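Observations on chain architecture
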Amino acid sequence: MSLDHLWAGWRSAYVASVVDPVVPPSGSGTGEPACVFCDLFASQASDDERYVVHEDPLAVVVLNAFPYASGHMLVMPRRHVGELGDLDAAESAAVWETARVAVAALGAAYAPDGVNLGANLGRAAGAGIPRHVHLHVLPRWIGDTNFMTAVAATRVLPEALSDSWAKLRAAWPR
Ligand SMILES: [Zn+2]
């Protein structure tokens, strides 16, 4: 299976639907469309309602609300930054370190056969929310690509998001 196929699940329509159901975009009064991630950070809802797995002053980890596989996380800077190159050194270091820990937590919680860690930078690359740069951390299983091919557009997930959230929170190194 080609890399294109492996990454097909991360394309625009898919990712665009990722966070909308969690917090409706506000878009109120600014004249600019809301950012679903920034709305999520600003939300007063509890972490298990927002599916925030981890946050610190510079970086935030949320569950993908429509995961390609259970445990699929998004790691991003807290600051609204569209371009990877616009991250400052501290943010860049925090995002990368957070991604490293996210991979470790995923391993502890799910023991996957492998992990996809990557970013779709810009719409042409498949980013659904190109204005706020983010990394995908996605567990992979031997044979899962064959399975996904067989079921095409069908997503079958073995557990509820709230269960994924609880597992990853418990596995996150303290
Ligand atoms: Zn944002």
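Conventions adopted
Residues numbered from 1 in each chain as written. Predicted model: local features only at pLDDT ≥ 70, side-chain atom pairs only at ≥ 80, totals over all residues. Heavy atoms only, no water. Donors = N, O, S within 2.8 Å, 3.2 Å for Na, K, Ca; no water. Tetrahedral: all angles 85-135°; square planar, octahedral: opposite > 155°, others 65-115°. Buried < 20%, exposed > 50% of the residue type's maximum accessible area, 1.4 Å probe, protein only. pLDDT = per-residue confidence, 0-100. Contact = heavy atoms within 4.5 Å. Pairing = 2+ DSSP bridges. Helix = DSSP H or I, 4+ residues; strand = E, 2+ residues; numbered from the N terminus. Axes fitted to C-alpha atoms, helices over the stretch in contact; angles between N-to-C directions. Parallel < 35°, antiparallel > 145°, perpendicular 65-115°, else oblique. Left-handed = near helix turned anticlockwise from the far one by under 90°. Nonpolar A, V, L, I, M, F, W, Y, C, P; charged D, E, K, R; others polar.

Coordination of the zinc ion by the protein comes from Cys35 (SG), Cys38 (SG), His80 (ND1) and His132 (ND1), over a distance range of 2.0 to 2.3 Å. Considering all 4 donor atoms around the zinc ion, angles at the metal cover 105 to 117° and the coordination shape is tetrahedral. Given the relative accessible area of 34%, His80 is considered partly exposed.

Chain-level statistics for the protein chain give a pLDDT mean of 80 and a share of 73% at 70 or above. For the stretch residues 1-30, pLDDT sits under 50, and the model shows 66 contacts to residues farther than four places along the chain or on other chains.

All right, on to the pairing of strand 1 (residues 52-55) then. Sheet topology places strand 1 next to strand 2 (residues 59-63); 3 bridges connect them, and they run antiparallel. Along strand 2, the bridge assignment pairs His54 with Val61. Once strand 1 ends, the chain turns through 3 residues before running back antiparallel as strand 2.

So, about the packing of helix 5 (residues 89-110) against helix 7 (residues 161-171). Two elements in contact, helix 5 and helix 7, have axes whose closest approach is 8 Å; the angle formed by their N-to-C orientations is 115°. In terms of their interaxial angle, helix 5 and helix 7 are classed as roughly perpendicular. When the axes of helix 5 and helix 7 are compared, the crossing they make is right-handed. Contact residues: Ala105, Leu106, Ala108, Ala109 and Tyr110 in helix 5; Ser164, Lys167, Leu168 and Ala171 in helix 7. Residue composition of the contact of helix 5 with helix 7, grouped by class: 7 nonpolar, 1 polar and 1 charged.

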